[in-house]
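Observations on the three-dimensional arrangement
Each chain, letter by letter, is given below.
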Amino acid sequence: MSSESSKTENVNKDICNFLLELGNYERDYNRDIHRYNAYRKAAASIAKHPTRISSEKEARQLYGVGVKISQKIGIFLRTGTHPQLEEIRKSDKNNVIKELTRVFGIGPAKADILYKKGIRSIDDLKDHKDLLTSHQIIGLKYFDDFEKRIPRSEIKQIEAKIRKISKKRDNNYNLIICGSYRRGAETCGDIDGLLTHNKFTSNKPTDKNYLNIVIQELVKINLITDTLSLGFSKFMGVCQFRKNLPYRRIDLRLIPKDQYYCGILYFTGSDIFNQNMRAHALEKGYTLNEYSLRPVSKNGVPGKPVRISSEKQIFDILNYPYKKPSERDN
Ligand code: 8DG
Ligand code: CA
Ligand code: CA
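About the thresholds
Residues numbered from 1 in each chain as written. Chains lettered and ligands numbered in written order. Predicted model: local features only at pLDDT ≥ 70, side-chain atom pairs only at ≥ 80, totals over all residues. Heavy atoms only, no water. UniProt positions renumbered as here; feature names shortened; annotations may be inferred. Helix = DSSP H or I, 4+ residues; strand = E, 2+ residues; numbered from the N terminus. Contact = heavy atoms within 4.5 Å. Polar contact = N/O pair within 3.5 Å; in protein donor to acceptor, adjacent residues only side chain to side chain. Disulfide = S-S within 2.5 Å. Donors = N, O, S within 2.8 Å, 3.2 Å for Na, K, Ca; no water. Near = heavy atom within 4 Å. Areas by Shrake-Rupley, 256 points an atom, 1.4 Å probe, with all protein chains shown as cover. Domains from an automatic or database assignment. Buried area = accessible area lost by both parts, 1.4 Å probe. Salt bridge = Lys/Arg side-chain N within 4 Å of Asp/Glu carboxyl O. Nonpolar A, V, L, I, M, F, W, Y, C, P; charged D, E, K, R; others polar. Pairing = 2+ DSSP bridges. Axes fitted to C-alpha atoms, helices over the stretch in contact; angles between N-to-C directions.

**Details of the UniProt feature "active site" (unreviewed entry) in the protein chain**
Mapped onto the present numbering, the UniProt feature "active site" (unreviewed entry) falls at Lys72. Tracing the backbone through its elements, the reader meets Lys72 in helix H5 (residues 67–79). For Lys72, the contacting residues outside a window of four places in its chain are Phe18, Leu22, Tyr39, His82 and Gln84. Within the structure, the side chain of Lys72 is placed 2.9 Å from the side chain of Tyr39, a separation counted as a polar contact.

**A closer look at the state of the cysteines**
Per the counting criterion, the structure on display carries zero disulfides. Here Cys16 stays free of any disulfide, with the sulfur of Cys188 as its closest cysteine sulfur at 19 Å. Cysteine Cys239 shares no disulfide, and the gap to the nearest cysteine sulfur, in Cys188, comes to 12 Å.

**Examining the coordination of the calcium ion (ligand 2)**
In a perfect tetrahedron of four donors around a metal, the angles come out at 109.5 degrees. In a perfect octahedron of six, they are 90 or 180 degrees. With distances of 2.1 to 2.2 Å, the protein atoms coordinating the calcium ion (ligand 2) are Asp190 (OD) and Asp192 (OD). Between the calcium ion (ligand 2) and the calcium ion (ligand 3) the interatomic distance comes to 3.8 Å, and Asp190 is a ligand of both metals.

**A few points about the site of ligand 1**
Among the 16 residues in the neighbourhood of ligand 1, the closest are listed as Ser180, Arg183, Gly189, Asp190 and Asn274. The backbone of Gly189 places a nitrogen or oxygen atom 2.8 Å from an oxygen atom of ligand 1. Interatomic distance of 2.8 Å between a side-chain N/O atom of Asn274 and an oxygen atom of ligand 1. When the free accessible area of ligand 1 is taken as 590 Å², the share hidden by the protein chains comes to 69%. Taken together, the elements giving at least two residues each to the shell around ligand 1 come down to helix H13 (179–182), helix H15 (260–268) and helix H16 (271–283).

**A short note on the domain arrangement of the protein chain**
Assigned domains within the protein chain: domain 1 (3–88), domain 2 (92–141), domain 3 (150–255) and domain 4 (261–327). Between the C-alpha centres of domain 1 and domain 4 the distance comes to 28 Å. A buried area of about 460 Å², summed over both sides, lies between domain 1 and domain 4, and 41% of it is on carbon and sulfur atoms. The interface formed by domain 1 and domain 4 holds one salt bridge in total. Asp271 serves as the salt-bridge partner of Arg40, at 3.1 Å between the closest nitrogen and oxygen. Applying the counting rule to domain 1 against domain 4 returns three residue pairs in polar contact (both at pLDDT 80 or more). Here the residues of the side of domain 1 that touches domain 4 sort into one nonpolar, one polar and three charged.

**A look at the sheet that holds strand E5 (residues 224–230)**
Two orientations exist for strands paired in a sheet by backbone hydrogen bonds: parallel and antiparallel. Here we have five strands laid out as an open sheet, ordered E2-E4-E7-E6-E5, and mixed in their pairing. The open sheet has two edge strands with one neighbour each: strand E2 (173–177) and E5. Averaged over neighbouring strand pairs, the angle between their axes works out to 25° when direction is ignored. Together, E2, strand E4 (191–197), strand E6 (234–239) and strand E7 (248–254) form the strand contacts of helix H12 (residues 152–169), whose direction differs from that of E2 by roughly 170°. Relative to the sheet, H15 contacts E2, E4 and E7, its axis offset from that of E4 by approximately 180°.

**Section: the coordination of the calcium ion (ligand 3)**
Within the first shell, the calcium ion (ligand 3) binds the protein through Asp190 (OD), Asp192 (OD) and Asp251 (OD), at distances of 2.2 to 3.0 Å. Read in sequence order, the donor residues coordinating the calcium ion (ligand 3) give the pattern D-x1-D-x58-D.

If you want it as structure tokens, here you go:
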């Protein structure tokens, strides 16, 4: 995710890929999300390092790189590989799980079930759609397209279109695209849109289906082609900007106006950046999530949400150095 979006050339790309491969293995095979995060954090930090790392010691000095990971980097630098990596690459089950989890909607647990049922490849899956949910069948249908990165220019056009259609329906709608797009990436994995409506706030319950209204309009003009899921505040689906262009994964969320800034902060990411900022918030006696920033009392009970009027204000309250979206890789 972050290697594609980095703006300067990464002279330590081989080391990052090595760590990400070990990390993915921990996530997909051992379901160890902590180890996975540790590898990702180290890789993100190394990706930003401007010069070539030449030793274990040098790696150890970087933020987010612990003793064990730096030792592995030392071995990788000396030998060009690592015994653990060789093991992973030899394992048939791991390779199958790696292939099956490339289908959107198939996670490691499902891949494991499919493996046990004898599925060994994407082609096998095509003959056994009965083992898949409707969600996963869509993932399989658009398998090739979903692997393609989305050029920034295309998202920009999709953004303009959704904005125009929703505003035409009701001028109180506002749209912002977050995720890697807002961080300035030249290509993105999917589209993460946040929708607000001037009359929709968290303290005023409503039975008006603000999100569904927009989705229906987008279906009408054939921009949205498939729906994976649609609830009151969250849509997941597929869109196509123009015939002959690839089908793209799109998520749209409706957020109450009063939760707008915590929402865009969260959905802009990166996820590593969010984790770090949330950990910092806790140290400062606050709890931060996609909805709100709340002070935590001494006995651990979160208080009322702070009224927020800009994204920067969240940083200021937490005494956390402000980072522009393009600087939020970790
Ligand atoms: P990409 O799509 O170009 O690969 O990168 P991305 O836009 O950064 O990733 P994403 O998976 O689409 O997630 C969008 C944002 O949502 C992400 O930047 C930060 C936030 N987010 C978290 N944790 C998680 C999580 O566990 N899953 C997802 N989907 N998003 C998360 O902070
Ligand atoms: Ca995204
Ligand atoms: Ca997304």
